[in-house]
Amino acid sequence: MATPRHNITLEEGVYDEFAKYAGKKGIKISTRINIQMKNFIEEEKMMEEYRKQKHSK
(Lines give C-alpha, C1' and ligand atoms only; values in the text may rest on other atoms or scores of the structure.)
Protein backbone atom coordinates (compact mmCIF):
# COMPACT_ATOMS: atom_id res chain seq x y z
CA MET A 1 0.00 0.00 0.00
CA ALA A 2 1.40 3.38 -0.99
CA THR A 3 1.60 6.07 1.63
CA PRO A 4 0.69 9.49 0.27
CA ARG A 5 2.48 12.55 1.62
CA HIS A 6 0.60 15.59 2.94
CA ASN A 7 1.81 18.96 4.10
CA ILE A 8 0.60 20.25 7.45
CA THR A 9 0.85 23.65 9.08
CA LEU A 10 1.91 23.87 12.72
CA GLU A 11 2.36 26.70 15.14
CA GLU A 12 5.93 27.91 15.27
CA GLY A 13 8.13 25.76 17.49
CA VAL A 14 5.63 22.90 17.85
CA TYR A 15 7.38 20.62 15.37
CA ASP A 16 10.81 21.14 16.93
CA GLU A 17 9.56 20.65 20.48
CA PHE A 18 7.59 17.54 19.58
CA ALA A 19 10.56 16.11 17.70
CA LYS A 20 12.74 16.72 20.75
CA TYR A 21 10.50 14.68 23.06
CA ALA A 22 9.27 12.10 20.56
CA GLY A 23 12.77 11.35 19.36
CA LYS A 24 13.81 10.35 22.89
CA LYS A 25 11.08 7.71 22.85
CA GLY A 26 11.66 6.57 19.28
CA ILE A 27 8.34 7.99 18.09
CA LYS A 28 8.16 9.23 14.53
CA ILE A 29 6.08 12.33 14.02
CA SER A 30 4.16 10.84 11.10
CA THR A 31 3.34 7.75 13.17
CA ARG A 32 2.00 9.87 16.02
CA ILE A 33 -0.12 12.02 13.72
CA ASN A 34 -1.46 8.92 11.99
CA ILE A 35 -2.51 7.40 15.34
CA GLN A 36 -4.15 10.65 16.47
CA MET A 37 -6.11 10.93 13.22
CA LYS A 38 -7.28 7.32 13.42
CA ASN A 39 -8.43 7.87 17.01
CA PHE A 40 -10.32 11.00 15.95
CA ILE A 41 -12.00 9.15 13.06
CA GLU A 42 -13.06 6.30 15.35
CA GLU A 43 -14.53 8.73 17.90
CA GLU A 44 -16.46 10.55 15.18
CA LYS A 45 -17.83 7.28 13.80
CA MET A 46 -18.98 6.29 17.29
CA MET A 47 -20.73 9.65 17.71
CA GLU A 48 -22.45 9.27 14.33
CA GLU A 49 -23.67 5.81 15.28
CA TYR A 50 -24.91 7.08 18.64
CA ARG A 51 -26.82 9.92 16.95
CA LYS A 52 -28.39 7.51 14.45
CA GLN A 53 -29.53 5.20 17.24
CA LYS A 54 -30.85 8.11 19.28
CA HIS A 55 -32.93 9.46 16.37
CA SER A 56 -34.26 6.07 15.35
CA LYS A 57 -35.99 5.51 18.72
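Up top is the structure.
**Things to note about the overall build of the protein chain**
Right, so step 1: Each helix and strand counted, the protein chain has 2 helices and 0 strands in total.
Right, so step 2: For a compact globule of 57 residues, the expected C-alpha radius of gyration is about 10 Å, and the protein chain comes in at 17 Å, more than 25% above that figure.
Right, so step 3: Along the longest, intermediate and shortest principal axes, the C-alpha atoms of the protein chain span 50 × 25 × 25 Å.
Right, so step 4: The buried share of the protein chain, taken over its 57 residues, is 4%.
Right, so step 5: If you sum the accessible surface of the protein chain, you get close to 6,100 Å²; carbon and sulfur atoms cover 54% of it.
Right, so step 6: Charge separation in the protein chain, taken as the distance between the mean sites of 12 positive and 9 negative side-chain charges, equals 6 Å.

**A few points about a nonpolar patch on the surface**
Right, so step 1: A contiguous nonpolar patch, built from Ile 8, Leu 10, Val 14, Tyr 15, Ile 33, Met 37, Phe 40 and Ile 41 and spanning about 750 Å² of accessible area, is present on the exposed surface.
Right, so step 2: Those elements that place two or more of their residues in the nonpolar patch are helix 1 (14-24) and helix 2 (29-56).
Right, so step 3: Looking at the nonpolar patch, the element that brings in the most residues is helix 2, giving 4 residues.
Right, so step 4: With respect to the helices and strands, the residue Ile 8 is situated in the segment before helix 1.

**Some points on the layout of surface pockets**
Right, so step 1: Of the voids in this model, the largest pocket is the one considered here, and its volume is about 740 Å³.
Right, so step 2: If you trace the largest pocket, you find 16 residues lining it, with Thr 3, Pro 4, Arg 5, His 6 and Ser 30 closest to the centre.
Right, so step 3: Counting residues per element, the lining of the largest pocket draws most heavily on helix 2, which supplies 7 residues.
Right, so step 4: For the lining of the largest pocket, the per-class residue count stands at 9 nonpolar, 5 polar and 2 charged.

**Focus on the environment of Glu 42**
Right, so step 1: One can find Glu 42 in helix 2.
Right, so step 2: Separated by 36 residues in sequence, Glu 42 and His 6 place their C-alpha atoms 21 Å apart.

**A word on the environment of Phe 18**
Right, so step 1: Assignment of secondary structure puts Phe 18 in helix 1.
Right, so step 2: Among the residues examined, Phe 18 registers a relative accessible area of 31% and is labelled partly exposed.
Right, so step 3: A sequence separation of 10 residues divides Phe 18 from Lys 28, and the C-alpha atoms of the two residues are 9.7 Å apart.
Right, so step 4: Leaving out residues up to four positions away in the same chain, Phe 18 has contacts with Gly 23, Ile 29 and Arg 32.

Here is what the cut-offs are and how they apply
- Starting from 1, residues in each chain are numbered consecutively following that chain's sequence as written.
- A pLDDT threshold of at least 70 governs which residues receive local features in this predicted model, and a stricter bar of 80 or more applies before side-chain atom pairs are shown or counted, although totals over entire chains, interfaces and linings include all residues.
- To obtain the side-chain values, all non-hydrogen atoms of the structure were used and water was disregarded.
- By definition, any uninterrupted DSSP run of H or I lasting at least four residues is a helix, any uninterrupted run of E lasting at least two residues is a strand, and each is numbered from the N terminus.
- Radius of gyration here is computed from C-alpha atoms only, and the compact-globule reference equals 2.2 Å multiplied by the residue count raised to the power 0.38.
- When accessible area is computed with a 1.4 Å probe and restricted to protein chains, residues below 20% of their type maximum are described as buried, those above 50% as exposed, and intermediate ones as partly exposed.
- In these tables, accessible area is a Shrake-Rupley quantity obtained with a 1.4 Å probe, and a residue counts as shielded only by the protein chains included in the view.
- Positive residues here are Lys and Arg, negative ones are Asp and Glu, while His and the chain termini are left out of the count.
- Each charge is placed at NZ for Lys, CZ for Arg, CG for Asp and CD for Glu.
- To count toward a patch, a residue needs a relative accessible area over 30% and no salt bridge; like charges are then connected within 9 Å, while nonpolar side chains (Val, Leu, Ile, Met, Phe, Trp, Tyr) are connected within 5 Å.
- Salt bridges are counted wherever a side-chain nitrogen of Lys or Arg sits within 4 Å of a carboxyl oxygen of Asp or Glu.
- The distinction between a cavity and a pocket rests on a 1 Å grid over the protein atoms alone: a 1.4 Å probe fits inside a cavity but cannot get out, while a pocket stays open yet meets protein on both sides within 12 Å along at least five of seven lines, and a residue with an atom within 4 Å of a point counts as lining.
- Grid points are joined across faces, edges and corners, and a volume is the space filled by probe spheres set on the points.
- Amino acids are sorted into nonpolar (Ala, Val, Leu, Ile, Met, Phe, Trp, Tyr, Cys and Pro), charged (Asp, Glu, Lys and Arg) and polar (every other residue, Gly among them).
- Here a residue-residue contact requires only that any non-hydrogen atoms of the pair lie within 4.5 Å.

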